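Residue strings, one per chain:
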Amino acid sequence: MSENDELGVVHLVGSGPGDPELLTLKAARLIDEADVVLHDKLPGPEILGMIPEERREDVGKRAGGEWTPQEYTNARLVELAREGKTVVRLKGGDPFVFGRGGEEMEHLAENGIPFDVVPGITSAVGGPGAAGIPVTHRDYVSSVSFVTGHEDPTKDESAVNWDALAATGGTLVVLMGVGKLPLYTAELREAGMDAETPVALIERATWPDMRVATGTLETIVDVRDEADIEPPAITIVGEVAATRDRVKAFLRDGGVDALAGTAEGDETKSARAEDGDE
C-alpha cells in the first residue's frame, strides 16, 4: 500500500446560509459519512445539530470574541488526514466566498493531502433572496458587487475601493459588515452615493430566527442600533433593497421585520439572546 493510500481525505464543504434544507445532497451525504467535521459558527444550530457531538470540532471565529487561529485549523486538517480520517471542513455559505477555503485548499496541497470542494449556496445571494430581495433586477440594476466588511486586520490599508463601488450604480452586498456599518456607509455617501439609497440588513438569513431591517444609506446605522442587529448579518445597498417592502405580504418564511414590535419579533429576540451563538 502506498503512502497516499493510507491518507484520509478532506472535503471543503459549503453548508449554505443556514437552512438545513438548503444543503446540497452531496454536502449532506459527506457530513453523514465523515469521521470528523471541523465547523465554523455560521452553518447554524440546525445543521450542526444533525452531527453527533463526538464527530464534530468547533473551529469557529467570532468578531470581537473567542476564535480559533487559522493556523490551528490548517494544521488540524493535515493531522486528521494523516491519521487516515475522512474529514469535512464545514463552512457557512460557500467555501470560497470570504470563507478562507482558498487558504485551506493551498495548505492541503502543500502538505500532499487529497481534497475536494463542495460548493454551497452563498449567503450573499441566498440570504437576500430568502428575504425577498433580488441582488439583480432588470428594472433597477444589472450588476452586483460582493465585499467583506471584515478585512484582514494585518493589512496596511483596505483593499475595498468604496469610491469605485459608489460609482458603479449596481447592488452592493457586504458580508460581515455589521460592526463597520457606520464607516462604509459614510464612505459611500462621501463618494457621492445618494443618501436615500435603500439599504437592508438581514440577520441570520434562512435561520428560524431570521430578522430583516430596512432603511436608507442615511438612516441605516440608527435602524441597526434600534433593532439591535447582530452578526451574522448581510448588508444590501441599492434599489433592490426596497423590493422586500413590495412583496413581503406574500413572502413565506421571509423572516420578521426587526422593528415591527410584534409578539413574534419579541419571541425571536428572546430566542436569539438564549442561544449564545455569534
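Residues numbered from 1 in each chain as written. Predicted model: local features only at pLDDT ≥ 70, side-chain atom pairs only at ≥ 80, totals over all residues. Heavy atoms only, no water.

Caption draft 1: Highlighting the nonpolar core. Of all hydrophobic cores here, the largest spans 24 residues; its most connected members are Val 147, Trp 162, Leu 172, Leu 188, Ala 213, Ile 220 and Ile 229. Counting residues per element, the ones that place at least two in this core are helix H7 (162-168), strand S7 (171-175), helix H8 (181-190), strand S8 (198-203), helix H9 (220-227) and strand S10 (233-237). Per-element tally for this core: the top contributor is H9, with 4 residues. Counting 16 residues, the second-largest nonpolar core is a separate cluster that includes Val 135, Ile 202, Val 240 and Ala 241. (Core = buried A, V, L, I, M, F, W, Y, C linked by side-chain atoms within 4.5 Å. Buried < 20%, exposed > 50% of the residue type's maximum accessible area, 1.4 Å probe, protein only. Helix = DSSP H or I, 4+ residues; strand = E, 2+ residues; numbered from the N terminus.)

Caption draft 2: Examining the sheet that holds strand S9 (residues 211-216) more closely. Pairing within the open sheet is mixed, and its 6 strands lie in the order S6-S7-S10-S8-S9-S11. Each having just a single partner strand, strand S6 (144-148) and strand S11 (256-257) make up the two edges of the open sheet. As judged from the 5 bridges shared by S6 and S7, these two strands associate in the parallel manner. Within S7, the residue paired with Phe 146 across the bridge is Val 173. Its contacts with the sheet place helix H6 (residues 123-130) against S6, S7, S8 and S10, and it is angled at close to 80° to S10. (Pairing = 2+ DSSP bridges. Contact = heavy atoms within 4.5 Å. Axes fitted to C-alpha atoms, helices over the stretch in contact; angles between N-to-C directions.)

Caption draft 3: Spatial organisation of the side chain of Glu 104. Positionally, Glu 104 belongs in helix H5 (residues 101-110). Polar contacts involving the side chain of Glu 104 include one to the side chain of Arg 89, which spans 3.1 Å. If we skip the residues at most four places from it in the chain, Glu 104 touches Leu 12, Gln 70, Thr 73, Asn 74, Leu 77, Arg 89 and Lys 91. (Polar contact = N/O pair within 3.5 Å; in protein donor to acceptor, adjacent residues only side chain to side chain.)

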